[in-house]
Amino acid sequence: MNPDTNTVTDLVTTIDFGQTLETMIAAGKYDWKNDRITAAYFPIEGTGIKKVRNRLFHFGRDISSKDAVAAIKADDPHTPWEPARIEHLLAFGAAYPDEQRQYPIIGLGSVAKVFGIRHVPDLNWLDAKRFLVLSWWGVDWIGYCRFLAVRELSSAA
């Protein structure tokens with residue numbers, strides 16, 4: 001199923017893989033973050049500095065994590081989108097902080113077992129406050145959630 005036409009697309013972020021996870025989190029200026037979002041659970045994967053094109057997939061219906069990943073990857077077989085990992089989600093949250101005040105933004109590309117249960121990072125909000133939380137992979141996500149996906153544009157010097 002293709003995402004709806006209200007999907008945010010063509011937002012670009014730059015990721016410096018030389019930064020620590022803690023530095024990436026601090027750049028987002030979140031009002032609260034889950035203490036289990038650490039490099040031990042969510043290691044940064046990559047080197048150098050890279051630009052990525054971001055797309056927020058919105059399916060407009062409840063959907064499982066597995067089905068959302070499959071739909072993201074199937075959306076454009078010639079130039080596939082990849083579910084965002086933690087470093088992509090953090091760069092997006094820092095660059096576009098108001099997006100998460102409209103809907104939860106899920107990064108399905110980084111999955112960690114926390115207390116024996118698979119979790120993914122999630123940009124969320126309450127009132128005007130922004131949160132970096134962990135959500136359970138095994139849920140059916142409600143229809144207003146967005147799923148961040150990326151395509152690498154380039155590597156910078």
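Definitions and limits used
Residues numbered from 1 in each chain as written. Predicted model: local features only at pLDDT ≥ 70, side-chain atom pairs only at ≥ 80, totals over all residues. Heavy atoms only, no water. Helix = DSSP H or I, 4+ residues; strand = E, 2+ residues; numbered from the N terminus. Rg over C-alpha atoms; globule rule 2.2 N^0.38 Å. Buried < 20%, exposed > 50% of the residue type's maximum accessible area, 1.4 Å probe, protein only. Contact = heavy atoms within 4.5 Å. Areas by Shrake-Rupley, 256 points an atom, 1.4 Å probe, with all protein chains shown as cover. Salt bridge = Lys/Arg side-chain N within 4 Å of Asp/Glu carboxyl O. Polar contact = N/O pair within 3.5 Å; in protein donor to acceptor, adjacent residues only side chain to side chain. Pairing = 2+ DSSP bridges. Core = buried A, V, L, I, M, F, W, Y, C linked by side-chain atoms within 4.5 Å. Lys, Arg positive; Asp, Glu negative; His and termini not counted.

Caption draft 1: Seen up close, the overall build of the chain. Of regular secondary structure, the chain possesses 3 helices and 11 strands. Starting at the N terminus, the α and β elements of the chain follow one another as β-α-β-β-β-α-β-α-β-β-β-β-β-β. Rg of the C-alpha trace for the chain: 14 Å, near the compact-globule value of 15 Å for 157 residues, within the 12% margin. The buried share of the chain, reckoned over its 157 residues, is 46%. When contacts within the chain are restricted to residue pairs at least 6 apart in sequence, long-range pairs at least 24 apart make up 73% of them. By element, 52% of the accessible surface of the chain is carried by carbon and sulfur atoms, the whole surface being about 7,900 Å².

Caption draft 2: How the structure looks around the pattern of salt bridges. Overall, the coordinates contain 6 salt bridges when judged by the stated rule. For Arg85, the salt bridge identified is with Glu87, shortest N-O distance 2.7 Å. Look at the salt bridges and you will find they share partners, linking Glu45, Arg85 and Glu87 into a network.

Caption draft 3: Region of the structure containing helix H3 (residues 86-95). Within H3, 8 of the 10 residues are buried, which leaves it mostly tucked inside the rest of the structure. Within the sequence span of H3, burial applies to Ile86, Glu87, His88, Leu89, Leu90, Ala91, Phe92 and Gly93.

Caption draft 4: Just the side chain of Thr13, in detail. Inspection of the secondary structure puts Thr13 in strand E1 (residues 9-16). In this structure the side chain of Thr13 is engaged in a polar contact, spanning 3.1 Å, whose partner is the side chain of Asn54. Once you skip the residues sitting within four places of it in the chain, Thr13 turns out to touch Lys50, Lys51, Val52, Asn54, Ala91, Phe92, Ala95 and Tyr96.

Caption draft 5: Representation of the pairing of strand E8 (residues 117-126) within the structure. Relative to E8, strand E6 (residues 105-106) runs antiparallel, the two sharing 2 bridges. If you follow Ile106 over to E8, its bridge partner there is Asp122. Sheet analysis places strand E7 (residues 112-114) next to E8, joined by 3 bridges and oriented antiparallel. The residue of E8 that forms the bridge with Lys113 is Arg118. Linking E7 to E8, which pair antiparallel, is a turn of 2 residues; within it Phe115 sits at a positive phi near 55°. Sheet topology places E8 next to strand E9 (residues 129-136); 8 bridges connect them, and they run antiparallel. Bridge pairing links Leu123 to Leu132 in E9. Between E8 and E9, which pair antiparallel one after the other, the connecting turn spans 2 residues, and Asp127 there sits at a positive phi close to 55°.

Caption draft 6: Region of the structure containing the nonpolar core. Core analysis: the biggest nonpolar cluster contains 26 residues, and Ile37, Leu90 and Ile105 have the highest contact counts within it. Of all elements in the fold, only E1, helix H1 (21-27), strand E3 (49-57), H3, E7, E9 and strand E11 (146-156) reach the threshold of two or more residues within this core. Every residue in contact with Leu90, bar those within four places of it in the chain, is listed here: Leu21, Met24, Ile25, Tyr30 and Leu132. Among the nonpolar cores identified, the runner-up in size contains 16 residues, and Phe59, Ile63, Val69 and Trp81 belong to it.

Caption draft 7: Representation of the side chain of Asp122 in the model. Within the secondary structure, Asp122 sits in strand E8. We note that Asp122 is buried and unpaired, the nearest opposite charge coming from Arg130 at a distance of 11 Å. Looking at Asp122, its side chain comes within polar contact range of the side chain of Asn124, at 3.4 Å. Setting aside chain neighbours within four positions, we find Asp122 in contact with Leu89, Pro104, Ile105, Ile106, Phe131, Leu132, Val133, Ser135 and Trp141.

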